[in-house]
Amino acid sequence: MTRELKSRTKRALITGVTGQDGSYLAELLLSKGYEVHGIKRRSSSFNTSRVDHLLADWHERDAQFYLHFADLSDATSLAKLLYRLAPDEIYHLGAQSHVRVSFDIPEYTGDITALGTTRLLDAIRETGIPARFYNAASSEMYGQACESSQNESTPFRPRSPYGCAKLYSYWMTANARDGYGLYAVNGILFNHESPRRGENFVTRKITRAVARIANGLQEKLYLGNLEAQRDWGYAPEYVEGMWQMLQQAAPDDYVLATGETHTVREFLELAFQEAGLDWQAYVEIDPDYYRPTEIDRLVGDASKARKRLGWAPRTKFGDLVKVMIEADTQMLEDKLSGHLERRMSARGGE
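Model, not experiment: these values are computed from the prediction. (Residues numbered from 1 in each chain as written. Predicted model: local features only at pLDDT ≥ 70, side-chain atom pairs only at ≥ 80, totals over all residues. Heavy atoms only, no water.)

Trainee: Can you walk me through the overall build of the chain in this structure?
Mentor: Helix and strand counts for the chain stand at 11 helices and 13 strands. Whereas a compact globule of 350 residues would reach a radius of gyration of roughly 20 Å, the chain reaches 21 Å, a difference of no more than 12%. Reported as C-alpha extents along the three principal axes, the dimensions of the chain are approximately 60 × 60 × 40 Å. Here the chain holds 350 residues, and 49% of them are scored as buried. Sequence separation of at least 24 residues holds for 80% of the intrachain contacts in the chain that already meet a minimum separation of 6. A total accessible area of about 16500 Å² is found for the chain, and carbon and sulfur atoms account for 48% of it. (Helix = DSSP H or I, 4+ residues; strand = E, 2+ residues; numbered from the N terminus. Rg over C-alpha atoms; globule rule 2.2 N^0.38 Å. Buried < 20%, exposed > 50% of the residue type's maximum accessible area, 1.4 Å probe, protein only. Contact = heavy atoms within 4.5 Å. Areas by Shrake-Rupley, 256 points an atom, 1.4 Å probe, with all protein chains shown as cover.)

Written out as structure tokens, the structure reads:
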């Protein structure tokens, strides 16, 4: 690919690119011919496993995916990066995104999840780049919602530091759109999972534990509230909705959800059934995993996205559980096989 052609390629910047959603979004944009840039934080350990398969030597002329050091707590790094890249689209997915952890580190959660959005929006205004901006809002903003299903007009009542921080970022995005004319949208996404979900999130914690228990590597799984009801979808389908939101003639906010609700207990039962196990023999409740303030039920109404974007979820709840179980089982088998091969090699191939 020549540099002249490359200069005409649509360019996107993703914060949180090393996370579940960021990695799927990067794949989607690359498949559409974008040049994709992602932000990664400096760490003493490697944290790019979800996107390593996308990375090429950046010296290569046809490289289309790049990672840059920057941080949502550092306004200067964000502004400098926008000056350099001048992206056409910005997908802001970066955050301290674990709800239970937000109770333990509320100040940090507010700094990164709430003020990080403010810093990025301010950098867009200061640099003057005409980028379209997507903000990852959250169903956690609804909290103990007063309506049975939640849409774009449902009042917000967050019940965690994370939910409060996301609500701040939501309103800052809306105000940037209304006050400064930025093309800025909020995607209010309900829970969406995949084999790339972080291992400390309840769905992945369950599927990973099932694979380990089935292989005799774990005896117990400790969980908190099993009766919490959530609207669970499949993450790769939700990043398609993110992209569709930025392709509209005018910016607006959208809910993405399946419209179905299931309990943690249901997820648990299906996951253990996939392995032919009785979950009650392995699961124990640990009160430390309860939140100081719980949310009983969240279920979204994505009618607006269905009508205006043509977006709709395709993966059913049972299929989602099956996909995650199969992936964690295969991942563990590959790991154990690798360990066995290394032990045999060390012994001279016995």
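Having seen the structure, we can now continue with the description.
Trainee: Would you mind going over the side chain of Arg-230 with me for this structure?
Mentor: Relative to the elements of secondary structure, Arg-230 occurs in strand S9 (residues 229-230). Within the structure, the side chain of Arg-230 is placed 3.1 Å from the backbone oxygen of Ile-295, a separation counted as a polar contact. When neighbours within four sequence positions are excluded, Arg-230 is seen to be in contact with Glu-140, Asn-191, Glu-260, Thr-261, His-262, Arg-291, Ile-295, Asp-296, Arg-297 and Leu-298. (Polar contact = N/O pair within 3.5 Å; in protein donor to acceptor, adjacent residues only side chain to side chain.)

Trainee: Where do I start with helix H6 (residues 161-180) in this structure?
Mentor: Three- or four-residue spacings in an α-helix give side chains the same orientation, since the helix completes a turn every 3.6 residues. Between its first and last C-alpha atoms H6 spans 28 Å; for 20 residues at 1.5 Å apiece the expected length is 28 Å, and the two agree. Among the residues making up H6, those that are buried are Tyr-162, Gly-163, Ala-165, Lys-166, Leu-167, Ser-169, Tyr-170, Thr-173, Ala-174, Ala-176 and Arg-177. For H6, the elements touching its buried residues are helix H4 (99-104), helix H5 (106-127), strand S5 (132-138) and strand S6 (184-189). Looking one or two residues past H6, Gly-181 carries a phi angle of roughly 75 degrees, positive in sign. (Expected span 1.5 Å × (residues − 1).)

Trainee: Even after reading the chapter, I still don't get the sheet that holds strand S11 (residues 254-256), so can you show me in this structure?
Mentor: Hydrogen bonds between backbone atoms are what pair the strands of a sheet, whose relative direction is either parallel or antiparallel. The strand order across the open sheet formed by seven strands is S3-S2-S1-S4-S5-S6-S11, and the pairing between neighbours is parallel. Two strands bound the open sheet, and with one partner strand each, they are strand S3 (65-69) and S11. Neighbour-to-neighbour, the strand axes of the sheet open up by a mean angle of 20 degrees, direction not taken into account. Judged from the four bridges that link them, strand S4 (residues 89-92) and S5 form a sheet pairing that is parallel. Directly across from Ile-90, in S5, lies its bridge partner Phe-133. Relative to strand S1 (residues 11-15), helix H2 (residues 20-31) is tilted by about 175 degrees, and along the sheet it contacts S1, strand S2 (35-40), S3 and S4. (Pairing = 2+ DSSP bridges. Axes fitted to C-alpha atoms, helices over the stretch in contact; angles between N-to-C directions.)

Trainee: Any chance you could explain the packing of aromatic side chains here in plain terms?
Mentor: One pair of aromatic rings is described through two measures. These are the centre distance and the angle between the planes. Overall, the coordinates contain 10 aromatic pairs when judged by the stated rule. With a centroid separation of 5.8 Å and an interplanar angle of 25 degrees, the aromatic rings of Tyr-142 and Phe-190 are classed as stacked. Pair noted here: Tyr-142 is in the loop between S5 and H6 and Phe-190 is in the loop between S6 and strand S7 (192-193), with a separation of 48 residues, a long-range link. Looking at Tyr-142, the relative accessible area reads 0%, which means it is buried. Of the residues examined, Phe-190 reaches a relative accessible area of 0% and is grouped as buried. Pairing Trp-232 with Phe-317 gives two aromatic rings, centres 5.9 Å apart and planes at 20 degrees, and the pair type is stacked. (Phe/Tyr/Trp six-rings, centres within 6.5 Å; stacked < 30°, edge-to-face > 60°.)

Trainee: Explain helix H3 (residues 75-85) here, please?
Mentor: Buried within H3 we find Ser-77, Leu-78, Ala-79, Leu-81, Leu-82 and Leu-85. Turning to H3, the residues buried within the fold contact S1, S2, S3, S4 and H5. With a side-chain oxygen positioned 3.2 Å from the backbone nitrogen of Thr-76, the residue opening H3 is Asp-74. In the segment just after H3, Ala-86 is the residue with positive phi, at about 45 degrees.

Trainee: Hey, could you run me through the pairing of S6 in this one?
Mentor: Note on strand geometry: in a regular strand, side chains alternate between the two faces of the sheet. Of all six residues that make up S6, six are buried, and the element is covered over most of its length. Residue alternation in S6 divides its side chains into two sets, Ala-184, Asn-186 and Ile-188 and Val-185, Gly-187 and Leu-189, and both sets are buried. Here S5 runs beside S6; their pairing, made up of six bridges, is parallel. Counted as the bridge partner of Ser-138 is Leu-189 from S6. With H6 bridging S5 and its parallel neighbour S6, the resulting β-α-β unit is right-handed. Strand direction decides the pairing type here: S6 and S11, joined by three bridges, are parallel. (Right-handed = clockwise from strand over helix to strand, strands pointing away.)

By themselves these figures say nothing about function.
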